[in-house]
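Residue-level structural notes
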Amino acid sequence: MAKEKTLEDLFHDTLKDIYYAERKILKALPKMARAASSPDLKAAFEKHKDETEGHVERLQQVFELMGKRPQGKTCPAIDGILEEGDEIAEEFKGTPALDAGLISAAQAVEHYEITRYGTLKRWAEVLGMNDAAALLEQTLGEESMTDEALTGLADASANEMAKAA
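Now for a quick tour of the structure. Keep in mind it's a predicted model, so treat the numbers as computed, not measured. (Residues numbered from 1 in each chain as written. Predicted model: local features only at pLDDT ≥ 70, side-chain atom pairs only at ≥ 80, totals over all residues. Heavy atoms only, no water.)

As for the overall build of the chain
Helix and strand counts for the chain stand at five helices and zero strands. Each helix (α) and strand (β) of the chain, taken in turn from the N terminus, gives the series α-α-α-α-α. In terms of its C-alpha atoms, the chain occupies a principal-axis envelope of roughly 60 × 30 × 20 Å. For the chain, buried positions account for 42% of its 165 residues. Across the chain, the fraction of contacts at a sequence separation of at least 24, relative to all contacts at a separation of at least 6, is 79%. (Helix = DSSP H or I, 4+ residues; strand = E, 2+ residues; numbered from the N terminus. Buried < 20%, exposed > 50% of the residue type's maximum accessible area, 1.4 Å probe, protein only. Contact = heavy atoms within 4.5 Å.)

A short note on the packing of helix H2 (residues 39-65) against helix H4 (residues 98-126)
Two measures define how a pair of helices packs: the angle their axes make with one another and the distance between the axes. Between H2 and H4, the shortest axis-to-axis distance is 13 Å and the interhelical angle comes to 20°. When the axes of H2 and H4 are compared, the pair comes out roughly parallel. Viewed along their axes, H2 and H4 form a crossing whose handedness is left-handed. Note on element contacts: H4 touches H2 through Asp99, Leu102, Ile103, Ala106, Glu110, Glu113 and Tyr117, opposite Leu41, Phe45, His48, His55 and Leu59. (Axes fitted to C-alpha atoms, helices over the stretch in contact; angles between N-to-C directions. Parallel < 35°, antiparallel > 145°, perpendicular 65-115°, else oblique. Left-handed = near helix turned anticlockwise from the far one by under 90°.)

Focus: the pattern of salt bridges
Pairs can form between side chains of opposite charge whenever their charged atoms are close. Going through the model one piece at a time under the given rule, you end up with 12 salt bridges. Here Glu51 and Lys47 are joined by a salt bridge, their closest N and O atoms 3.5 Å apart. Here Lys47 and Glu51 lie together in helix H2, a separation of four residues that amounts to about one turn. The partner of Glu142 in a salt bridge is Arg58, and the shortest N-O contact between them spans 3.0 Å. Pair noted here: Glu142 is in helix H5 (residues 130-164) and Arg58 is in helix H2, with a separation of 84 residues, a long-range link. Looking at Arg58, the relative accessible area reads 11%, which means it is buried. Residues joined in a network through salt bridges with shared partners are Lys121, Arg122, Glu125 and Glu137. (Salt bridge = Lys/Arg side-chain N within 4 Å of Asp/Glu carboxyl O.)

Things to note about helix H3 (residues 76-91)
In this model, H3 (16 residues) spans 22 Å end to end at C-alpha, consistent with the 22 Å of a helix rising 1.5 Å per residue. Ile78, Ile81, Leu82, Gly85, Ile88 and Ala89 are the residues of H3 that are buried. Projection of H3 onto a plane perpendicular to its axis shows the buried side chains occupying an angular sector of 110°, all on one side. Facing away from the buried side of H3, by more than 90 degrees, are the exposed residues Pro76, Glu84, Glu90 and Glu91. Next to the buried residues of H3 lie helix H1 (7-35) and H4. (Expected span 1.5 Å × (residues − 1). Arc of directions from axis to C-beta.)

Notes on H1
Taking 1.5 Å as the rise per residue, H1 with 29 residues should run 42 Å; its terminal C-alpha atoms sit 40 Å apart, in good agreement. Taking the largest bend as the criterion, H1 deviates by roughly 30°, centred on Ala28, and proline Pro30 comes between one and four positions later. (Bend = angle between axes of the 7 residues up to and from the residue.)

Here we look at the layout of surface pockets
A volume near 210 Å³ is recorded for the largest pocket. If you go around the largest pocket, you meet 18 residues; those closest to its centre are Ala44, Phe45, His48, Thr146 and Leu150. Taken together, the elements giving at least two residues each to the lining of the largest pocket come down to H1, H2, H4 and H5. Per-class residue counts for the lining of the largest pocket are 13 nonpolar, two polar and three charged. (1 Å grid on protein atoms, 1.4 Å probe; cavity = no way out; pocket = protein on both sides within 12 Å on 5 of 7 lines; lining within 4 Å. Points joined across faces, edges and corners; volume = space filled by probe spheres on them. Nonpolar A, V, L, I, M, F, W, Y, C, P; charged D, E, K, R; others polar.)

The structure is reproduced here in structure tokens:
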């Protein structure tokens, strides 16, 4: 008979999911920075790449706190979201709507991460894993700030430029 799955199993499984996602995002961000036409958007993607390296390191610490080896598990959701971003970059290349599209793609990534980190933080608290919860909360805060910064860039110029064309 199969072993009963617990919240800790679910936590570990979801941790592997977001670890895979963060590592894929790390590879996608330089490509998004190259695709962006606005210097501010390029800079935002580059800044987030540096932050994402920190997110990967924090996740590795959470794995260590669990006594587990850091390991990813294929996440079809992030693969699909990143693929949509590639399509936008290709289809809107050289158009005034490009940056608005790249921002929307990046925010889809952020919102996915925010849901994952929010859930993992709650589960860590429920499991009494306070050190893990603190690490996850730190990343959750950074993901939320990135999302807000992207909204700011969209509102400041990208959406109007896309509309005016």
